[in-house]
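So you can see what is in the structure, the chains are spelled out below.
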Amino acid sequence: MSELDPQDELPPSVSAATSQPATPAPGSSGSYYGGAGSTRVFEGMHILDYVRILYKRRWTIAVTFLVVVVSVAAYSFTATPIYQSSAQLLIEVRTPNILSFKDVLEEERATTTYYQTQYSLLRSRSLAKTTIDALKLWKHHEFGGGRRGAERGWLARIRRAVRLGPAAVNTTLQQEAAAAAKETAGQSAVIDAFLNLVTVEAVRSTRLVYVHFRSRDPKLAADVANMLATNYIEQNMELKVSAAKGASEFLGDRLGEQRKQVEVSEGALQRYLEEHDTVSLDDRENLVTGRLSDLSGAVTKAKTERLGRETLYNQIRSIQNSPSELDTFPSILENSYIQKLRGEVADLQKEHAQLSDTLGERHPDLIRVRTALQSAEARLKSEIAKVVQSVRAEYMAAIAREQSLVSALEVQKREAMALNRTAIEYGMLKREADSNRKIYDTLLEREKETGLSGETRTNNIKVVDPAEIPRSPLWPKKARNLLLAILGGSLLGIGLAFFFEYLDNRIKAPEEIKTYLGLPFLGFIPVIGARGDVSAPLLNNGVPANFAEAFRSVRTNVLFSSAGEGTKSIVVTSTGPGEGKTLMASNLAVAIAQAGQRVLLIDADMRRPRIHDLFSIGQEPGLSNLMVGNAKASKAVQKSSVPGLWLLPSGLTPPNPAELLGSQQFKDFLNSLDAHFDWIVIDSPPVMAVTDASVVAHVSSGVLFVIGAEMTSRHAARAAIERLDGVHARFVGAVLNRVDLERNAYYYSHYYRRDYGEYYSRSAKHAART
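Definitions and cut-offs
Residues numbered from 1 in each chain as written. Predicted model: local features only at pLDDT ≥ 70, side-chain atom pairs only at ≥ 80, totals over all residues. Heavy atoms only, no water. Axes fitted to C-alpha atoms, helices over the stretch in contact; angles between N-to-C directions. Helix = DSSP H or I, 4+ residues; strand = E, 2+ residues; numbered from the N terminus. Parallel < 35°, antiparallel > 145°, perpendicular 65-115°, else oblique. Contact = heavy atoms within 4.5 Å. Nonpolar A, V, L, I, M, F, W, Y, C, P; charged D, E, K, R; others polar. Pairing = 2+ DSSP bridges. Core = buried A, V, L, I, M, F, W, Y, C linked by side-chain atoms within 4.5 Å. Buried < 20%, exposed > 50% of the residue type's maximum accessible area, 1.4 Å probe, protein only. Expected span 1.5 Å × (residues − 1). Phe/Tyr/Trp six-rings, centres within 6.5 Å; stacked < 30°, edge-to-face > 60°. Lys NZ or Arg CZ within 6 Å of the ring centre and 35° of its normal.

Caption draft 1: Representation of the packing of helix α2 (residues 47–56) against helix α14 (residues 478–503). One can describe the packing of α2 onto α14 by two numbers: an axis separation of 9 Å at closest approach and a directional angle of 100 degrees. As summarised for this structure, α2 and α14 are arranged roughly perpendicular, according to the angle between their axes. Contact residues: α2 offers Tyr50, Ile53, Leu54 and Lys56, while α14 offers Ile494, Ala497, Phe498 and Glu501. Across the contact of α2 with α14, the residue classes tally to 6 nonpolar, no polar and 2 charged.

Caption draft 2: Structural detail: the sheet that holds strand β2 (residues 198–202). The antiparallel open sheet is built from 4 strands, whose spatial order is β2-β3-β1-β4. Looking at the sheet topology across the chains shown, the edges are occupied by β2 and β4 (461–465). Each strand of the sheet is rotated relative to its neighbour by a mean of 30 degrees, with strand direction disregarded. Of the pairings in the sheet, the one linking strand β1 (residues 83–91) to strand β3 (residues 208–215) comprises 8 bridges and is antiparallel in character. Bridged to Ser86 within β3 is His212.

Caption draft 3: Broad picture of the nonpolar core. Within the largest apolar cluster, 45 residues are counted, with the highest numbers of intra-cluster contacts made by Ile602, Leu623, Leu648, Phe669 and Phe705. Dropping the residues within four chain positions of it, Leu623 is found in contact with Ile602, Asp603, Ala604, Leu648, Pro649, Ser650, Gly651, Leu661, Phe666 and Phe669. Counting residues in each nonpolar core, the second largest holds 35 residues, with Phe547, Val554, Leu588 and Leu647 among its members.

Caption draft 4: Expanded view of helix α16 (residues 545–559). In this model α16 runs 20 Å from its N-terminal to its C-terminal C-alpha over 15 residues, within 8% of the 21 Å that 1.5 Å per residue would give. Those residues of α16 that fall on the buried side of the exposure criterion are Asn546, Phe547, Ala548, Ala550, Phe551, Val554, Arg555, Asn557 and Val558.

Caption draft 5: Here's a closer look at unusual backbone geometry. A cis amide bond, omega 0 degrees, links Trp475 with the succeeding residue Pro476. One non-glycine residue, His728, lies in positive phi territory at about 65 degrees. You can see His728 is positioned in the loop between α24 (714–726) and β12 (731–739). For His728, a relative accessible area of 65% corresponds to the exposed category. The phi dihedral of Arg738 is positive, around 60 degrees, even though this residue is not glycine.

Caption draft 6: Main features of the packing of aromatic side chains. Overall, the coordinates contain 9 aromatic pairs when judged by the stated rule. Residues Phe143 and Phe194 carry aromatic rings whose centres are separated by 5.6 Å and whose planes lie at 65 degrees to one another, so their mutual orientation is edge-to-face. Residue Phe143 is located in the loop between α5 (125–135) and α6 (154–164), and its partner Phe194 is located in helix α7 (residues 166–195); the two are separated by 51 residues in the primary sequence. Owing to a relative accessible area of 3%, Phe143 belongs among the buried residues under this scheme. When the ring of Phe143 is compared with that of Phe213, the centres are 6.4 Å apart and the planes differ by 65 degrees; the resulting orientation is edge-to-face. Separated by 70 residues along the polypeptide, Phe143 in the loop between α5 and α6 and Phe213 in strand β3 bring together distant segments of the chain. Each member of the pair, Phe143 together with Phe213, is buried. Clustering of aromatic rings is evident, with ring pairs tying together Tyr114, Tyr115 and Tyr119. One residue, Lys568, lies across the ring of Trp679, its end atom 5.2 Å from the ring centre.

Caption draft 7: Representation of the sheet that holds strand β7 (residues 599–603) within the structure. What the 8 strands build is an open sheet, ordered β5-β12-β11-β6-β10-β7-β9-β8; its pairing is mixed. Edge positions in the sheet fall to β5 (521–526) and β8 (638–639), since each of these pairs with one other strand and no more. With 2 bridges joining them, β8 and strand β9 (residues 645–648) adopt antiparallel strand pairing. The residue bridging Lys639 from the neighbouring strand is Trp646, located in β9. Most of the contacts of α24 go to strand β11 (residues 702–708), to which it runs at about 170 degrees, and overall it touches β6 (568–574), β11 and β12.

Shape is all these values report; function is a separate question.
Quick look at the structure:
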């Protein structure tokens, strides 16, 4: 490789530039990035992001808008108009009371149930049938009519059949029954169709009701609405009159039955009073009750007295043999005569004791005193016995009095119970008689009131506003439909635009690279060559100035991504094929070489090599030949037409490219290039296709990740970056390639698109000439 001396054609300015750190360009990174593991900044969407989405999906919005508006307009202007006429009714809860009493038939309360019933009556089949009959609408085409006439001549046909015999009569009857059934079914269908066009609408917080009818004929709509209101009012009046008549008949019959019941119950009450010889049970009941109360009090008092006497009697019986205790008995203590006798006995005992001490037993004075003492003691005992007998007598009298009062009380109780039974039977008969009389009086009053109500022609329903012939159709509302179509088409188109954008997870804008992949954005490359026949849009082939400027911007960001000395090797790869990585690597190498750097472009995509086609050189010898040792570097590395740019094609396609790129020879080869080149750009296969890119990325200084605009999904790109992270690859950044400026004009300025239009024009002319 003597011809690749590092000093050959190397300007001094380049050497100086490589030895001094440079300030990174605005928007570029100052060093290599660690990859997808870097911190991602998820910022909220700006309103301009929504505007960009709408601009990008403008054709979806426009097509949706036009389809909706055109469809609604076509339908609105071709549909048969439907007219609606409305009659306004006032429905009172009850009829205005012109009598001096309440109408028995108008006692409904102002409840929702009542009004719901009236709404159902307005849509009843009987009212519909009456209206159809009145307007002769059975054969009207709007209701699918086909009713046969009422005069069917069935009687004449039966008479003819009678003359023909019984079999003909049966056949005729069967035919008439089938025809009648068919006519009934036809009428039912007409009524159903008629009711489908009737609408009842209540005015909230009022007693007003609208009856709407829809029809293709505006006059028919007004006629039917008015006829429905008229028939409804007449039906309501007929129901009232019929109800009044039925109620009057019912009350008349019930009144006769009740009159008999009154006579029977009052007669039974009178007979009962006569049988029990009772004029007024109330007075007798009061007398018996008072007597019973008096006896009850007397019995209580007698029982209390008897208990007291019994206590004294038992006490005196227990102490009558004990003189000392008898002396303490209250009755004896209170008896003055006994106390006098006790004093005499005490005096005599004292005198007898004195004489006994001085006189002998036979002394007359002692005998006299002894006799007097004995006589006094006998009288004392007799008096005490009388007191005891008196207590006993009082006790026995109390017992007798108590028993007598108890007997009288029992008799009085039995009399009171008998009176109660009599009063109960009397009360039952009296209540029955009073109840029957009250019912009779009520029925009599109601019967008179009902008769008057039936004769009073008042109605609680009135027509407030009759239906008028409508001037404009109810449907379709052309202006409203168009307005709604415009609004709905716009909303639907915008909704579909955002929905499609939500479903579209392809990377489309520069900010998505940092948001979803966590990589620094190095720049975007517009798509060219799609309209013209331009096979190799390289910077040295007369591409648009702004196309070249885009690559120079990427080159600037790459150059300033590392300020260190030494050779930098960059692997250019992508998620999948077709994203423009080869074109990106080639133009990047050309741009760096144009900046005065010595650059080697290596085609490491040995499976699908393209570098040799882009630069019109031979494919062999190349990288694969170097790795297997059947070629020398001086023969394989070829100088290009761009000053400072050398090329190393892929060489012969090997069966094992990954093993060659992962071999030690490849690492040694890259290390040997440091003395000859400032930059090494390696075009590797896509990451998700094969492992070649991961192998090369592991031994390179950095990875430039190419993303095809609106080609690569976020998930696939993230998976590719994660795979590169697995081999500890260092990312320089990402480039958004193949950006369609014509389609996404809102994203990028008109300045770019003008130059690309000129380029497409020149390319087309060149293709036509060649």
